[in-house]
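# A structural walkthrough
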Amino acid sequence: MSLTWSLKAFSLGVVAFSLSLELLCWLFGRLKHRGTLNKVLIFPSEVACVEYLFRPNSVGLCFCGLPHGVETSFSHLLRYILSASSSLDLCLFSFSNIDLKRAVILLHEKGVTIRVVVDKDYSAITGSQIGCLRKAGIRVRCEADYVHMHHKFAVVDSRLLITGSLNWTLTAVQCNRENVIITEEAELVQPFIKEFERLWVLNDPARVYNNL
Ligand SMILES: [Zn+2]
């Protein structure tokens, strides 16, 4: 075989090897993301009974006036929050929704570690459920350094991120045009975990008091 043909064969081999490598990387990427949860919820949500999410044994036994057996954006949201088994970190601007408060307290009673960072001003407005969380023994820290602590995100079990435009209020859930993204993509979840830890430490009452 001439030198030219040998070089051509070698080049073709290199190209084939590169293509195989690229194909393997693509397949690996696909496999890695297969099964990773990614979901978008659009609000306002239909209004329907969510009692069955709090008391699974009550299916068919609730006689309230709301539609039953209907899955809505809100029921999906509640389901993901209630899926917490070890921890729930909340970073919220406004929290006045009774069902969401009920879900958080239920998790707390089940032994899930709950931490909440909220906006200082909005934690005290009429209808805010932050006082109820505190009363139940849930740790809440207020962010007072900025104009507003305007985040609206939750991290479930340090692996599932729930974030978007939705404040945890009845108006946002039932009346406003809002969006929520729910994802297990580590590249997206990790920065939110980092931000939560940063705000949690930053607003530690002991630290704030010592800096006065
Ligand atoms: Zn009902």
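Residues numbered from 1 in each chain as written. Predicted model: local features only at pLDDT ≥ 70, side-chain atom pairs only at ≥ 80, totals over all residues. Heavy atoms only, no water.

### Comments concerning the UniProt feature "domain: PLD phosphodiesterase" (unreviewed entry) in the protein chain
According to UniProt, the "domain: PLD phosphodiesterase" (unreviewed entry) feature falls on residues 145-172. Taken end to end, residues 145-172 comprises 11% helix and 36% strand; its first and last C-alpha atoms sit 25 Å apart. (UniProt positions renumbered as here; feature names shortened; annotations may be inferred. Helix = DSSP H or I, 4+ residues; strand = E, 2+ residues; numbered from the N terminus.)

### Here we look at the coordination of the zinc ion
Donor atoms from the polypeptide that coordinate the zinc ion comprise Cys49 (SG), Cys62 (SG), Cys64 (SG) and His68 (NE2), at 2.1 to 2.3 Å from the metal. Accessibility expressed as a relative area gives 6% for Cys49, which makes it buried. Residue classification places His68 among the partly exposed positions, given a relative accessible area of 37%. (Donors = N, O, S within 2.8 Å, 3.2 Å for Na, K, Ca; no water. Buried < 20%, exposed > 50% of the residue type's maximum accessible area, 1.4 Å probe, protein only.)

### Concerning a nonpolar patch on the surface
A surface patch of nonpolar side chains, amounting to about 270 Å² of accessible area, comprises Val40, Ile42 and Ile181. On the basis of relative accessible area, Ile42 is assigned to the exposed category, the value being 52%. (Patch = residues over 30% accessible without salt bridge, like charges linked within 9 Å, V, L, I, M, F, W, Y side chains within 5 Å. Areas by Shrake-Rupley, 256 points an atom, 1.4 Å probe, with all protein chains shown as cover. Salt bridge = Lys/Arg side-chain N within 4 Å of Asp/Glu carboxyl O.)

### Digging into helix H4 (residues 98-109)
The end-to-end C-alpha separation of H4 is 16 Å, in line with the 16 Å expected for 12 residues at 1.5 Å each. Turning to H4, the residues buried within the fold contact helix H2 (51-54), helix H3 (73-82), strand E2 (87-92), strand E3 (113-119) and helix H5 (130-135). At the N-terminal boundary of H4, the capping side chain belongs to Asn97, with an oxygen 3.0 Å from the backbone nitrogen of Asp99. (Expected span 1.5 Å × (residues − 1). Contact = heavy atoms within 4.5 Å. Polar contact = N/O pair within 3.5 Å; in protein donor to acceptor, adjacent residues only side chain to side chain.)

### Re the environment of Thr72
Counting through the fold element by element, Thr72 comes out in the loop between H2 and H3. With 25 residues separating them in the primary sequence, Thr72 and Val47 have C-alpha atoms 7.6 Å apart. Filtering out sequence-adjacent residues up to four positions away, Thr72 remains in contact with Ser45, Glu46 and Ala48.

### Some details on the nonpolar core
Counting 40 residues, the largest nonpolar core has Leu77 and Leu88 as the members making the most contacts within it. What Leu88 contacts, discounting residues up to four positions off in sequence, is Ile81, Val104, Leu107, Val112, Thr113, Ile114, Arg115, Ala154, Val155 and Val156. (Core = buried A, V, L, I, M, F, W, Y, C linked by side-chain atoms within 4.5 Å.)

### Digging into the layout of surface pockets
It is a probe the size of a water molecule, rolled over the atoms, that shows where empty space is left. In this structure, the largest pocket spans a volume of roughly 200 Å³. Along the walls of the largest pocket sit 18 residues, with Ala48, Val50, Leu66, Phe74 and Asp99 positioned nearest its centre. Where the lining of the largest pocket is concerned, the elements lending two or more residues are H4 and helix H6 (170-174). It is H6 that provides the largest number of residues to the lining of the largest pocket, a total of 3 residues. Taken together, the residues of the lining of the largest pocket break down into 10 nonpolar, 4 polar and 4 charged. (1 Å grid on protein atoms, 1.4 Å probe; cavity = no way out; pocket = protein on both sides within 12 Å on 5 of 7 lines; lining within 4 Å. Points joined across faces, edges and corners; volume = space filled by probe spheres on them. Nonpolar A, V, L, I, M, F, W, Y, C, P; charged D, E, K, R; others polar.)

### Overview of the pattern of salt bridges
Taken as a whole and judged by the stated rule, the model has 9 salt bridges. A salt bridge links Arg159 to Glu184; the nearest nitrogen and oxygen atoms lie 2.9 Å apart. Residue Arg159 is found in the loop between strand E5 (152-156) and strand E6 (160-164), and its partner Glu184 is found in the loop between strand E7 (178-183) and helix H7 (186-202); the two are separated by 25 residues along the sequence. Classification of Arg159 by relative accessible area gives partly exposed; the value is 34%. Linked by salt bridges that have partners in common, Glu51, Arg55 and Arg102 make up one network.

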